Amino acid sequence: MEWMLLPLKRYADFNGRSSRREFWMFAALHALVALLFYVPLSGIFFRGMAGVLPATLGVIVPLLGLYVAVMFVPGLAVQVRRFHDLGRPGWMVLIGFVPVVGVFAILYFMCLPGTSGPNRYGADPVAEDVAIRP
């Protein structure tokens, strides 16, 4: 759980490096929350609006929008720090805006191991984790 919440503690910190574990645990948190939003919405869309209170839709959709708005900055920050871990500039996050190909390029980069030892963006986050947790 600590790894899922670490990017929230570093909310708008675009400096330094983030390990693959930190990025993917944060992505897992997003997937879990998305699933929690999807389950009630899927019942509304697949069964239609008959028998479902419109208030349900009026509560879930704004909450989902609020969640996306609040998590945009930490999600972007952890992705920039992940690129820093690879020794690449954070501006590479813009690759994600290229239709279709960009998503797969980002996925590829996020799966790569970071550079070993310190780089121009800071100390190795994996080495720091090993030093903290014997």
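Because the structure is a prediction, the values reported are computed rather than measured.

Asks: Mind showing me how you'd approach the overall build of the chain here?
Replies: Broken down by element type, the chain carries five helices and zero strands. Each helix and strand of the chain, placed in order from N terminus to C terminus, yields the pattern α-α-α-α-α. Residues counted as buried form 31% of the 134 residues belonging to the chain. For the chain, restricting intrachain contacts to residue pairs at least 6 apart in sequence, the fraction spanning at least 24 positions comes to 66%. Total accessible area on the chain is roughly 8,300 Å²; 75% of this is exposed by carbon and sulfur atoms.

Asks: Honestly, the packing of aromatic side chains in this entry has me stumped. Any pointers?
Replies: The description of two aromatic rings rests on the distance between their centres and on the angle between their planes. The final tally for this structure, using the stated rule, is four aromatic pairs. A network of ring pairs unites the aromatic residues Phe83, Tyr108 and Phe109 as a single cluster.

Asks: What exactly am I supposed to notice about the nonpolar core here?
Replies: Among soluble globular proteins, nonpolar side chains are generally buried collectively. Grouped together as the largest cluster of nonpolar side chains are 19 residues, with contacts concentrated most on Phe83, Phe109 and Met110. For this core, the secondary-structure elements that each account for two or more residues are α2 (20–47), α3 (54–85) and α4 (101–111).

Asks: I would appreciate a short explanation of helix α1 (residues 2–9) in the present structure.
Replies: One turn of an α-helix holds 3.6 residues; hence residues three or four places apart share an orientation. For α1, the full list of buried residues reads Trp3, Met4 and Pro7. Buried positions in α1, seen along its axis, are confined to an arc of 125° and lie on one side of it.

Asks: Got a minute to help me understand unusual backbone geometry in this structure?
Replies: Residues apart from glycine generally show negative phi values, whereas peptide bonds are mostly found in trans. Positive phi outside glycine occurs at Val100, with the angle close to 60°. In this fold, Val100 is placed in the loop between α3 and α4.

Asks: It is not clear to me how the UniProt feature "transmembrane region" (unreviewed entry) in the chain should be interpreted in this structure. Could you clarify?
Replies: The UniProt entry lists residues 23–46, 52–78 and 90–110 under the feature "transmembrane region" (unreviewed entry), expressed in the numbering used here. Between the C-alpha atoms that bound residues 90–110 the distance is 12 Å, and the span itself is 48% helix and 0% strand.

Asks: How should the environment of Val73 be read in this particular structure?
Replies: Within the secondary structure, Val73 sits in helix α3. By relative accessible area, Val73 is classed as partly exposed at 28%. Sequence spacing of Val73 and Asp13 is 60 residues, and the spatial spacing of their C-alpha atoms is 9.2 Å. Residues contacting Val73, with those up to four places away along its chain left out, are Tyr11, Ala12 and Phe14.

Asks: Can you help me understand the layout of surface pockets in this one?
Replies: Leftover empty space is mapped by rolling, across the atoms, a probe with the size of a water molecule. Computed from the structure, the largest pocket encloses a volume of approximately 470 Å³. Around the largest pocket sit 20 residues that line it, and Gly75, Leu76, Gln79, Val93 and Ile106 are the ones nearest its centre. Secondary structure elements with two or more residues in the lining of the largest pocket: α2, α3 and α4. Ranked by residues supplied to the lining of the largest pocket, first place goes to α3 with seven residues.

Definitions and cut-offs
- Residues numbered from 1 in each chain as written.
- Predicted model: local features only at pLDDT ≥ 70, side-chain atom pairs only at ≥ 80, totals over all residues.
- Heavy atoms only, no water.
- Helix = DSSP H or I, 4+ residues; strand = E, 2+ residues; numbered from the N terminus.
- Buried < 20%, exposed > 50% of the residue type's maximum accessible area, 1.4 Å probe, protein only.
- Contact = heavy atoms within 4.5 Å.
- Areas by Shrake-Rupley, 256 points an atom, 1.4 Å probe, with all protein chains shown as cover.
- Phe/Tyr/Trp six-rings, centres within 6.5 Å; stacked < 30°, edge-to-face > 60°.
- Core = buried A, V, L, I, M, F, W, Y, C linked by side-chain atoms within 4.5 Å.
- Arc of directions from axis to C-beta.
- UniProt positions renumbered as here; feature names shortened; annotations may be inferred.
- 1 Å grid on protein atoms, 1.4 Å probe; cavity = no way out; pocket = protein on both sides within 12 Å on 5 of 7 lines; lining within 4 Å.
- Points joined across faces, edges and corners; volume = space filled by probe spheres on them.

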